[in-house]
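Descriptive analysis of the structure
In case you want the letters, here they are:
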Amino acid sequence: MRYARLHGHDYKGMGYYFVTFSTKPRRALFSRIEKGRVFLFPEGEAVRDAWLAIKDDEPSISLRLYVVMPDHFHGVLVSPGLIDRSLPLLISRMKGRSRAAIRKLRGDSAFPVWEEGFHDYCAFTATMFDACCAYVKDNPARWQLRHDNPLWFQKHTAVSHPRLPTDTVWTAYGDQTLLSHPRLLPIRVSRSLRGAALEAEVERLSAEIAKGAVAIGGVISEGEHLLAKRIADDPRARLVYMCPWGLPSYKPHGATAVRRIAEGKTLVLSGFPDTVGPAASRANCLRNNAWAQAIAATPMP
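Glancing now at the packing of aromatic side chains. Following the criterion strictly, the structure yields 11 aromatic pairs and no others. Each ring, one from F21 and one from F73, has its centre 5.2 Å from the other, and the planes form 25°; the classification is stacked. Residue F21 is found in strand β1 (residues 14-22), and its partner F73 is found in strand β5 (residues 72-80); the two are separated by 52 residues along the sequence. Assessed through its relative accessible area of 2%, F21 is described here as buried.

Let's shift gears to the packing of helix α5 (residues 195-210) against helix α6 (residues 222-233). Viewed as axis vectors pointing N to C, α5 and α6 meet at an angle of 35°, and their least axial separation amounts to 10 Å. When the axes of α5 and α6 are compared, the crossing they make is right-handed. Residues L198, E199, V202, E203, L205, S206 and I209 of α5 lie in contact with α6, whose contacting residues are E222, G223, L226, L227, R230 and I231. Taken together, the residues that form the contact of α5 with α6 break down as seven nonpolar, two polar and four charged.

Pairing is mixed across the open sheet formed by six strands, whose spatial order is β7-β8-β12-β11-β10-β9. The open sheet has two free edges, formed respectively by β7 (156-157) and β9 (184-186), since each of these has just one partner strand. The sheet contact formed by β7 and strand β8 (residues 171-174) spans two bridges and is antiparallel. Each bridged residue has a counterpart across the sheet, and for T157 the counterpart in β8 is T171.

What follows is about the nonpolar core. The tendency in soluble globular proteins is for nonpolar side chains to be buried side by side. The biggest cluster of nonpolar side chains holds 26 residues, and the ones touching the most others in it are V19, F21, F30, V47, F73, L87 and M94. Mapped by element, the contributors of at least two residues to this core are β1, α1 (42-52), β5 and α3 (87-106). The element contributing the most residues to this core is α3, with five residues. Sequence-distant contacts of F73, defined by excluding residues within four places in its chain, comprise V19, T20, F21, V47, W51, Y66, V67, V68, M94 and W114.

Another aspect to go through is the confidence of the model for the chain. Any region with low pLDDT has predicted coordinates that should not be read closely. Confidence in the prediction for the chain averages 90 pLDDT; 98% of positions are at 70 or higher. Of all secondary-structure elements in the chain, the lowest mean pLDDT belongs to strand β6 (residues 119-122), at 80, while α1 reaches the highest, 98.

With burial as the criterion, each face of strand β11 (residues 239-242) is covered, one bearing L239 and Y241 and the other bearing V240 and M242. Between the parallel pair strand β10 (residues 214-217) and β11, the chain is carried across by α6, and the sense of this crossover is right-handed. Where β11 meets strand β12 (residues 266-270), four bridges bridge the pair, whose relative direction is parallel. Across the sheet, residue M242 finds its bridge partner in β12, namely L269. At this point the chain moves from β11, through helix α7 (residues 254-262), to the parallel β12, and the crossover so formed is right-handed.

Take K265: it is sitting in the loop between α7 and β12. At 3.1 Å, the side chain of K265 and the side chain of E263 are in polar contact. Leaving out residues up to four positions away in the same chain, K265 has contacts with L178, P235, A237, R238, L239 and R260.

Take the environment of L82 next. Note that L82 resides in the loop between β5 and α3. Look at L82 and you get exposed, because its relative accessible area is 86%. Counting along the chain gives 202 residues from L82 to N284, while the straight-line C-alpha distance between them is 47 Å. For L82, the residues in contact, after removing those within four places along its chain, are K12 and G13.

A few words on the packing of helix α4 (residues 126-148) against α7. Where α4 meets α7, the axes come as close as 9 Å, and the angle between the chain directions of the two elements is 15°. By the angle between their axes, α4 is roughly parallel relative to α7. The handedness of the crossing between α4 and α7 comes out as left-handed. Of the residues in α7, those in contact with D138, R142, L145 and R146 of α4 are G254, A255, V258, R259 and A262. When the residues that make up the contact of α4 with α7 are grouped by side-chain class, the tally is four nonpolar, one polar and four charged.

Criteria and cut-off values
- Residues numbered from 1 in each chain as written.
- Predicted model: local features only at pLDDT ≥ 70, side-chain atom pairs only at ≥ 80, totals over all residues.
- Heavy atoms only, no water.
- Phe/Tyr/Trp six-rings, centres within 6.5 Å; stacked < 30°, edge-to-face > 60°.
- Helix = DSSP H or I, 4+ residues; strand = E, 2+ residues; numbered from the N terminus.
- Buried < 20%, exposed > 50% of the residue type's maximum accessible area, 1.4 Å probe, protein only.
- Axes fitted to C-alpha atoms, helices over the stretch in contact; angles between N-to-C directions.
- Left-handed = near helix turned anticlockwise from the far one by under 90°.
- Contact = heavy atoms within 4.5 Å.
- Nonpolar A, V, L, I, M, F, W, Y, C, P; charged D, E, K, R; others polar.
- Pairing = 2+ DSSP bridges.
- Core = buried A, V, L, I, M, F, W, Y, C linked by side-chain atoms within 4.5 Å.
- pLDDT = per-residue confidence, 0-100.
- Right-handed = clockwise from strand over helix to strand, strands pointing away.
- Polar contact = N/O pair within 3.5 Å; in protein donor to acceptor, adjacent residues only side chain to side chain.
- Parallel < 35°, antiparallel > 145°, perpendicular 65-115°, else oblique.

Shown next as structure tokens:
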């Protein structure tokens, strides 16, 4: 697969980068994950050594974080600018070094190691950069949770449940038994609420969730985001998150989201077809709210 670089960006200039590349074919060649920790195979050690050798090519490059996953690699680095070799060339040399070392280990000069190219993400703010670092740190824990609970991380289509409206086709990730809870609480916090009124509504809904209600709805408005954060921080809280677009290749973001799905505390649900992209239009939000109200109001048979 060929990955397009960021158009117009100088890859010899200053930059904060999050890079990713995978084995060919996707197979557990480099490491194993146990209890959220990475244990490198000799092949993985070759990848690690090749990453650290980037400093030999460009001593001014700052290698921040990396993780050698079973079938892919993530790394975060910072370029101060005015480097002699561009980021694509540095990554190409790293992949070449590790490929040669792995083929020597395997005794096979044609052994396939990497997919072609690599993916890079340029972080232009401290928040974005910190998010990339957190993703790398949490990657082994997310891997462990996904592999310990594979069923809940598989896409389920044409989901059927007595409470789900039949005017659309439903897609889900997670524990569908959350839909059977005796009390589902629609979470809808108006965008018009501000200040004390907003805080009061978030407190009201939080109190009901603390009593055992399962929250259901999208997370679009400011108040809904505040409420979602409280739910994420409460180990007892449960949520049916109704995504206001399709789920063609859904992937939970962040260790908290993965953990909550793995523990059966979050169900990701969508009534929109996969062709509806991630742009929460007002029509989508209104339809989502109507579905949440209908699901919550439908009694279990």
